[in-house]
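Breakdown of the fold
So you can see what is in the structure, the chains are spelled out below.
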Amino acid sequence: MSYCLLTPLTKLAVAYFLKYVLLRSWVNGHENQPREKGVFFLSRITYWWFSRVVAVGQRRPLQLEDLSPVSEEDSAKHVCSTFQQHWKGQEEAAGKDENADGAEAEGLLFAGSVHQGFRLLHALWLTFSPSLLQVGLLRLLTDLLELLAPLALRWIILFIENQAVYDWQGRTYMLALVGIVVCQSLVEQLCEKHSGMTEAKVQVALTGMLYRKLSCVSSHSHHQGAGVAAHLSGDIERVAGLVGTLPLLLSCPLRVALCLGLLWRELGPAALVGLTGLLLLIPLNSAAERRASQLKRSQMTVREDREALLTEMLAEIKMLKQLAWEAWFQDRVTAARERELETLSILGYLTAFLMLSRVCEPFLVCLSSLGAFVLMHDGNVLTAAQVFTSIWLLRLLRPPLFHLPNLSPILTQAKHSLCHLESIFCTETTDLDCCHPGTTSDGAELSLSSSCLTEALYRSSQDDQLSEIKVEMDRASTSGSGADMRGYLRAFGWGWAGLALAAQLGLVLVSVGQDALLGLWTSDAKEVQGLEGWTELRDSRLSLYAVLGLLQAILVCGAAHFLTQGSLRAAGGLHSGLLSDVLHLPLHFFRNTPPQSVLQSFTRDMYVIEHQVPERLHVWAHSQLEMCAVVFLISVITPVFILAAGPLLILLVWVQSQYTFVLRRMKCLEIASHLSVKALFREMPRDENGDAVNSADFSYQDRSDHHQTLHDHLVCHFNKIIMASWVSLRLDAILWVLVFLVTVILMDSADTVDSGIVGLALLYTLRMRGVFHQCRKASADVHDCMLSVRKVAEYSNLEKEAPWVLPCRVPPGWPQRGEIEFRNVETKCPDGHLPALRGLSFHIQRGEKVAVLSRERAGMEALVSCLLRTLEDVSGTLLIDGVDVACLGLQDLRRRINVIPQAPVVFSGSLRANLDPARMLPDAQVWWALDLCHLKETVQVLPGQLLHPMQDGAASLSQGEKRLLCVARALLRGSSVLLVEEPLASVEPEAECLVQQVIHTEFSECTVLTLTQNLHTVMDEHRVLVLDMGRVVDFDTASNVFQRNVALTPRAQTDALKGTQP
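Residues numbered from 1 in each chain as written. Predicted model: local features only at pLDDT ≥ 70, side-chain atom pairs only at ≥ 80, totals over all residues. Heavy atoms only, no water.

**Considering the overall build of the protein chain**
When helices and strands are counted, the protein chain shows 32 helices and ten strands. Taken over 1062 residues, the protein chain has a buried fraction of 52%. The long-range fraction of contacts in the protein chain, counting pairs at least 24 apart against all pairs at least 6 apart in sequence, stands at 83%. With the model as given, the accessible surface of the protein chain reaches about 47,600 Å², and the carbon-plus-sulfur share is 60%. (Helix = DSSP H or I, 4+ residues; strand = E, 2+ residues; numbered from the N terminus. Buried < 20%, exposed > 50% of the residue type's maximum accessible area, 1.4 Å probe, protein only. Contact = heavy atoms within 4.5 Å. Areas by Shrake-Rupley, 256 points an atom, 1.4 Å probe, with all protein chains shown as cover.)

What follows is the structure, given as structure tokens:
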């Protein structure tokens, strides 16, 4: 009878499942865009409907059309319009309050302080109150479910301690534990999803309002809109962060109270001892974090000095190479880098203390709580249920206790940001000069948190990340990431890496040993007879537990020391290698590469290598070792688990690989959308006259382009949140299976396995969830960090210029005569298309003064490049005093040819360093050169004289004086070959006359080549070399050249210039 009833019911259930679950999921999965709403409940809570996006991301780069759209009520247009309506209501209410009776307003206590920032907060509450309430309730439910896990663990241990038969009661406990774990995962992911989405919608609403406000500013301030938006983005993020912060105000105290209540039930007053220990550690950690923040600020100051030097180096790289002063700048940057590494070294010791506190806190709390419990009364005997339930509760107690002190500065910063944004939205006109980050409407300066300081530099260059991620998509392979990691470990030092890994392994084994000792203690306590035996067992176990804690502290200090020393070695070595590689690059690389791109490698990429790579490698290694230890421990306790461990770990690796690959492609889309939002503020709406749009005429309904941009960014962020939930639930599903299998095995062997061993196995099984997610995040973080290592290493693979110094060197006095001969020299323009010199052949005699005339600037630049070998793609032969310059080291050549550039270059540093950076000459000789160049009196009145700092482009000197300083530099270097480029129009004529006078008198024995396009300056030269399209047109005296080429005469040039004037 029952079979007859079950068969049709089974068929009906299968049909329903096929029709409504699989078919509906398949249909939704094959639509153009998968939607969350309208899918089956099971598909919604497991994010099965999102699998199509993941599948598309595995096959090809994601497009915006591939992503899942948000609902209409979550769209950017709806969010912005709703917030605008509520904000208008607040403005109208504020207007009524201002017109109210003044006496009534004065009667309100602290009226001004209450209303400051309150209207903006109230408008946000009216707009997002349903979502905020939902997030708060989900956060509370998540905390409650976390507290149910140790209770279920306690029930199972007590069940096994009582040696009950594995009947319905045991199955009930098993299913309860699995059900709690499943519900906790589902609710937590739902909470994270709603919290992240609500925070994104708050950002969209505030960004839309800011866009509306900045669109209405005056036209003379319009160009500042993008900068103001970047400054206020920090305020917007802090206000949006309240979505996740405010629920903690209720969640953390409630969680602490419930944990203490449960601990009191297990340990009695001894629970307060552990709580006291945690409370005492909080101010110590806060003080260490504050000191770390101060060190990071000082390091950023030193970093700014180094960045200024690097910026100057890249801007003046052409002159550095012409003067062969690369080594001088390399030493200056290296000195600044060493000061930076000293700060990093001190910061490493603080990091060691924080690591010691973080790792040893659980041990100290357990030792104090359990030790106090057994020492309070000789009759207090620890049981497995007490030990492992208390361990779990103490670990749940730690996060809220450390969150609560940090809430106050976070809320203070959010309050200032609310006031700042409200002051901007309320005012009729916006003073863009006052919109600075970190300031409030009352002028109070905001104190940046440690996390903000840590990420400030890393996030300042997000525009450059998009191109890097696209490049990574083209190169994505596991071998590339492995090669990058090997390169970093070589710089880290294999010895330091081995010691750090050994210390990490020791830490994991000691941690497992501590928990295993507690489990064995409870097992041995059952067999002890009499008070004396129990006291002896108690003292021995407590002593051994303390010894393990001491060993743990030693290993933590060792691991921190090894990590600090290796990371400093890697940071110093990679920076030195990068600096050397960049300085050895040919000049055409810098012509074709933006300086900012190179600077990013020295700043953002080196920041990642210094701070994030060591930390994330440490977390990754620790999580991998911890996962292996957990699997090994469970396999030892329940050998049958080995059969399931292999397939589950393979599945774990597969899910992780799919997540990492698709997430990188989704991150590319998100950054692109973020750049589009930033571009909005550079393209504000203007009327046909270019003036600002009137505030009354601006309407969200009339402007839909910015809505679409904000909506696209919201969609990308929504899909990134769903992607994180998708992979987290699949990792959690592996955990569900693990918990089910381990619990079934342990319950089935309850009569043969001790309760302490059961508690230990279940404790580590439940910890697998945190280990899984830590491994996932650490693997993705390490892969992202390796991109910076790869970018730095790529410079070593680029083509370098010729060696600076060769073993076969020229005599010290070379060139003595200064004879220059070109034999069929041909080279291309810097852009590499048309030839700049075509079969150039001529001979310049010793001490001859030659003017080089050319209509094309590229021809003269190519001539200088050939002489100094800054352009290597040259055919033919170039001889100086009969020596082929191609056979010389670059610095041997460039140090013996002087150049007076068209734009005088003065480097930062002292005036003396600009003349003799190596300090090889006495001061008297430097003053002699300044006197010959008519600069002695000018320098004598400067503060510091020769040591006067030439910062900010040497504002104390005019352009003419800077050109004379370049002539003095050439005098001190001494050479028989001088190249003089035509001066800029900003050079004073009187100063240029002095320059020519010094050249004619002090360089009379030298070969001088004057490169000019001005025919009036060539009459005093011995000969004139005329170039046209890279060829020699004429090479003779000025009179003969002008006689043969009437169009080249100075009068013809003057008439031509007059004819072009209106």
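**A short note on the pattern of salt bridges**
Side-chain pairs of opposite charge can arise whenever the charged atoms involved come near each other. Tallied over the full model, the rule gives 42 salt bridges. Of the charged contacts, one joins Arg857 and Glu861 as a salt bridge, the two residues approaching to 3.7 Å between their closest N and O atoms. One end of the pair, Arg857, and the other, Glu861, are both in helix α25 (residues 857–868), four residues apart, so they sit about a helical turn from each other. Classification of Arg857 as partly exposed rests on a relative accessible area of 24%. Judged by relative accessible area, Glu861 falls into the partly exposed class, the value being 28%. Through salt bridges that share partners, Arg303, Arg306, Arg337, Glu340 and Glu610 make up one connected network. (Salt bridge = Lys/Arg side-chain N within 4 Å of Asp/Glu carboxyl O.)

**Comments concerning the sheet that holds strand β10 (residues 1031–1036)**
As summarised here, the arrangement of the six strands in space is β6-β7-β8-β3-β9-β10, forming an open sheet in which the pairing is mixed. Bordering the open sheet on either side are β6 (898–900) and β10, each of which pairs with just one other strand. Mean inter-strand twist for the sheet, computed between neighbouring axes without regard to direction, equals 20°. Bridge count between strand β3 (residues 849–854) and strand β8 (residues 1007–1012): five bridges; the pairing is parallel. (Pairing = 2+ DSSP bridges. Axes fitted to C-alpha atoms, helices over the stretch in contact; angles between N-to-C directions.)

**Regarding unusual backbone geometry**
Backbone torsion omega between Trp814 and Pro815 reads -5°, so that peptide bond is classified as cis. By secondary structure assignment, the location of Pro815 is in the loop between α24 (755–797) and β1 (820–828). The phi dihedral of Tyr47 falls on the positive side, at around 60°, and the residue is not glycine. Along the polypeptide, Tyr47 turns up in the loop between α2 (41–46) and α3 (51–59). Given a relative accessible area of 3%, Tyr47 falls into the buried group.

**Looking at the packing of aromatic side chains**
According to the stated counting rule, one finds 16 aromatic pairs in the structure shown. Residues Trp521 and Trp534 carry aromatic rings whose centres are separated by 6.3 Å and whose planes lie at 25° to one another, so their mutual orientation is stacked. Placement of Trp521 in helix α18 (residues 494–525) and of Trp534 in helix α19 (residues 531–583) is noted, with a sequence separation of 13 residues between them. Each ring, one from Phe589 and one from Tyr795, has its centre 6.3 Å from the other, and the planes form 75°; the classification is edge-to-face. Here Tyr795 lies in helix α24 and Phe589 lies in helix α20 (residues 587–592), a separation of 206 residues in the sequence. It is Arg332 that lies over the ring of Phe329; its NZ or CZ is 5.0 Å from the centre. (Phe/Tyr/Trp six-rings, centres within 6.5 Å; stacked < 30°, edge-to-face > 60°. Lys NZ or Arg CZ within 6 Å of the ring centre and 35° of its normal.)

**Remarks on the confidence of the model for the protein chain**
In this model, the protein chain carries a mean pLDDT of 80, and residues with pLDDT of at least 70 account for 83%. Segment residues 101–114: pLDDT under 50, and two contacts once partners within four positions in sequence are set aside and those in other chains are kept. Segment residues 436–475: pLDDT under 50, and 75 contacts once partners within four positions in sequence are set aside and those in other chains are kept. (pLDDT = per-residue confidence, 0-100.)

**Concerning the packing of helix α13 (residues 326–376) against α19**
For the pair α13 and α19, interaxial distance at closest approach is 9 Å and the crossing angle is 165°. Between α13 and α19, the interaxial angle falls into the category roughly antiparallel. Every pair of crossing elements has a handedness; the one defined by α13 and α19 is right-handed. Of the residues contributing to the contact of α13 with α19, the split by class is 27 nonpolar, twelve polar and three charged. (Parallel < 35°, antiparallel > 145°, perpendicular 65-115°, else oblique. Left-handed = near helix turned anticlockwise from the far one by under 90°. Nonpolar A, V, L, I, M, F, W, Y, C, P; charged D, E, K, R; others polar.)

**Let's talk about the packing of helix α8 (residues 168–214) against α24**
Where α8 meets α24, the axes come as close as 12 Å, and the angle between the chain directions of the two elements is 20°. In terms of orientation, α8 lies roughly parallel with respect to α24. As for the relative orientation of α8 and α24, their crossing is right-handed in sense. Only Leu762, Leu766 and Arg769 of α24 make contact with α8, whose side of the interface consists of Leu177, Val181, Gln184, Ser185, Glu188 and Gln189. Looking at the contact of α8 with α24 residue by residue, the class counts come to four nonpolar, three polar and two charged.

**Overview of a nonpolar patch on the surface**
Residues Leu141, Leu144, Leu254 and Leu258 make up a contiguous nonpolar surface patch of roughly 290 Å² in combined accessible area. Considering the arrangement of structural elements, one finds Leu144 in helix α7 (residues 118–161). (Patch = residues over 30% accessible without salt bridge, like charges linked within 9 Å, V, L, I, M, F, W, Y side chains within 5 Å.)

**Points about α3**
Listing the buried residues of α3 in full gives Val53, Val54, Val56 and Gly57. Relative to the axis of α3, the buried residues are bounded by an arc of 165° and lie together on one face. Where α3 is buried, its residues meet α22 (641–680) and α23 (705–748). (Arc of directions from axis to C-beta.)

**Re the pairing of strand β9 (residues 1023–1028)**
Most of β9 is tucked away, with five of its six residues classed as buried. Two elements, β3 and β9, share five bridges in a ladder whose sense is parallel. Across the sheet, the residue bridging to Ser854 is Leu1027, located in β9. Where β9 meets β10, five bridges bridge the pair, whose relative direction is antiparallel. When the sheet's bridge partners are listed, Val1026 is paired in β10 with Asp1034. From the end of β9 to the start of β10, which pair antiparallel, there are two residues, and Met1029 there has a positive phi angle of about 55°.

**A closer look at the environment of Leu893**
Here Leu893 lies in helix α26 (residues 890–894). Taking the relative accessible area as the measure of exposure, Leu893 reaches 0% and is therefore buried. Each C-alpha atom of the pair Leu893 and Val805 lies 9.3 Å from the other, and the pair is 88 residues apart in sequence. Not counting chain neighbours up to four residues away, the residues in contact with Leu893 comprise Trp814, Leu867, Leu868, Arg869, Ile880, Val885 and Leu888.

**A word on the side chain of Asp581**
Take Asp581: it is sitting in helix α19. Of the side chains with opposite charge, Lys800 comes closest to the buried, unpaired Asp581, at an N-O distance of 4.1 Å. Residues contacting Asp581, with those up to four places away along its chain left out, are Tyr795, Ser796 and Lys800. (Lys, Arg positive; Asp, Glu negative; His and termini not counted.)

**Re the environment of Leu275**
With respect to the helices and strands, Leu275 occurs in helix α11 (residues 270–315). Here the alpha-carbon distance between Leu275 and Leu397, two residues 122 residues apart in the chain, equals 8.5 Å. Leu275 has contacts with Leu260, Leu397 and Leu401, leaving out every residue within four places of it along the chain.

**Examining the environment of Val939**
Tracing the backbone shows Val939 in helix α28 (residues 936–940). Apart from residues no more than four positions distant in its own chain, Val939 is found in contact with Leu911, Trp927, Leu930, Gln945 and Leu946.

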